[in-house]
Amino acid sequence: MPAPNSQMPPAAGLPFPPSPQSAQSPPPYSPSAPPSTSSSTAAAPSFLPLDQLFTNPVFAGGLGLASLGAAAAFGRRALIQGTALLRRQLLVNIEISKRDPSYSWVLAWLAQPRDNSGFIAQRLTRLRSLSVTTTTKSLSKVAGEEGNGRTHADFRVQPGFGHHIVRHKPGVYIAVNREKASTTTTATGEPHETLTLTLLWMHRHVLAEVFTQAHELAQSFQQGKTVVYTARNMQWTVLGKPRLKRPLGSVILDEGVKESLVADVKEFMAAQEWYTERGVPYRRGYLLYGPPGTGKTSFIQALAGELDYSVAMINLSEMGMTDDLLAQLLTQLPEKSILLLEDVDAALVNRRQRDPDGYSGRSVTASGLLNALDGLAAGEDRIAFLTTNHIDKLDPALIRPGRVDMMVRIGEASRYQAGQMWDRYYGDVDTDHKGRERFLERLDGLGLFGGDQKDPAVPKRHTSTAAIQGLFQFHKGDMEGAIKMAEHLIPRTYEPEPPTVEGSIKSPA
């Protein structure tokens, strides 16, 4: 037998000989010996295999992407909040609605040419979106020129919708944002617009300069003109273009009437402190009554031009006009404006029958008008003029003191008015006033001044200043023609024609 320590030859098929440790037999089991705590023993399985999750490449990659996304979202939110904080601390915004009068003023101010010299100004203040406002005016026809004369067009370019930057003065830039809403708020279907001006907080004092210059520019456009406002969809809007101021001397009323009215209005305007000290509402009402064509509305327009006021008209017969709307409009009158309510007698006559279009009468009641003029909802600092052709149809409560403080009749043309109008139209050719005397005698012979005292057979007639003005305008520079056609001033009555079988068409179609 071989020796115990002798090495055995390697077994066939084994590349290496077995190690000495593997060749040894395991130790005998001993009940008293503790179990082995060798590191090679397998650990007990965990309930949450976190080690396996974190060592999983798919899970680790997804967790990394989610962390990056969360960090990016947090950074974006922090950047937005930081930018908003900086904007609140460094910038100031002012929003102007289209319903505000300053909207058109600021747009016209932005349209003014500016000095954009400089490297930064040339690259920042480029207006790429523009809008144009066109106004036309007819020019007088030149002698020898054919056609209806020329037309002058004025184009005003202003910033369009979008973002713009303008330079107010060196170092001061204003960001402009003009937006158009998708919804409409007016009965005309026009979308609502807003204009936002943004500038540095340190330049906030510039806003006062902007609005002051814009207001002065708007006043320069309206210099020598009268603005007429009308009520539309619960707000005041400018009616057409501003009209040229009518001279007060162009309105010929009876002797002393115009002077007394103008003096009373100017006295009221100078007595605001007197009203305030005594707790009396600072408002005054006037009622001009008389036949049509006597110059009631013309006088109000001329008075507005004399006082440098605008005219705010309300049509009480308009469909949709209610007592609440009327009260609201009268409390929001444009500043420095004369309130004009024409033909109040016709406006307050409700029609009980229903028209074919479904209109069942006017919705402004007499009580609503009374409360709007002199009630709890009535505004102050107001000059109101009411006109009517039939004063006998008015409610006595409407013309009581407090609502109507002064009533003046503007009647038919008198001898004084006819003579003043003659001098205004033919004073340059009738230097000796002989033509005026012939014209007045002609009107006396026709009885147009209420009859002829010398001849009782002459019928008592009357004419209006509007008819005399039409006669003079028809005979421009021809006073003899005006005298010859004086009989056309006799009021005519028109009888309705009898109905015909053929209808209104007299010729075959």
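Residues numbered from 1 in each chain as written. Predicted model: local features only at pLDDT ≥ 70, side-chain atom pairs only at ≥ 80, totals over all residues. Heavy atoms only, no water.

Going by what an unreviewed UniProt entry lists, the protein chain is known as Mitochondrial chaperone and is assigned to Podospora comata. Looking at the protein chain in UniProt, the text filed under Sequence similarities (unreviewed entry) is "Belongs to the AAA ATPase family. BCS1 subfamily." UniProt, in its Subcellular location (unreviewed entry) section for the protein chain, records the words "Mitochondrion inner membrane". (UniProt positions renumbered as here; feature names shortened; annotations may be inferred.)

Q: What am I meant to see in the overall build of the protein chain here?
A: The helix and strand inventory of the protein chain stands at 16 helices and 15 strands. With an accessible surface of roughly 33100 Å², the protein chain has 56% of that area assigned to carbon and sulfur atoms. (Helix = DSSP H or I, 4+ residues; strand = E, 2+ residues; numbered from the N terminus. Areas by Shrake-Rupley, 256 points an atom, 1.4 Å probe, with all protein chains shown as cover.)

Q: What exactly am I supposed to notice about the nonpolar core here?
A: Note on soluble globular proteins: their nonpolar side chains tend to be buried together. In terms of nonpolar packing, the biggest core is built from 27 residues, with Leu 288, Phe 299, Leu 303 and Phe 385 touching the most fellow members. Counting only elements with at least two residues in this core, the list comes to helix H7 (257–269), strand S11 (283–289), helix H9 (296–307), strand S13 (337–341) and strand S14 (382–388). With six residues, H9 is the largest single contributor of residues to this core. Those residues in contact with Leu 303 that lie beyond four places of it in its chain are Leu 248, Val 262, Val 265, Ile 338 and Phe 385. Listed in part, the 25 residues of the second largest apolar core include Val 344, Val 364, Leu 369 and Leu 386. (Core = buried A, V, L, I, M, F, W, Y, C linked by side-chain atoms within 4.5 Å. Buried < 20%, exposed > 50% of the residue type's maximum accessible area, 1.4 Å probe, protein only. Contact = heavy atoms within 4.5 Å.)

Q: Before we go on, may I ask you to explain the pairing of strand S9 (residues 235–238) in this structure?
A: Successive side chains on a regular strand alternate, one facing one side of the sheet and the next facing the other. When strand S8 (residues 228–232) meets S9, the two strands line up antiparallel, connected through four bridges. Within S9, the position partnered with Thr 230 by the bridge is Thr 237. (Pairing = 2+ DSSP bridges.)

Q: Quick question: what am I supposed to make of the packing of aromatic side chains here?
A: What characterises a pair of aromatic rings is the spacing of the ring centres plus the angle enclosed by the ring planes. Enumeration according to the criterion identifies eleven aromatic pairs in this entry. A ring pair is formed by Tyr 275 and Tyr 282, whose centres lie 5.3 Å apart and whose planes are at 70°; its orientation type is edge-to-face. A single burial state applies to Tyr 275 and to Tyr 282, both of which are buried. With 5.4 Å between their ring centres and 55° between their planes, Tyr 425 and Phe 472 make a pair best called tilted. (Phe/Tyr/Trp six-rings, centres within 6.5 Å; stacked < 30°, edge-to-face > 60°.)

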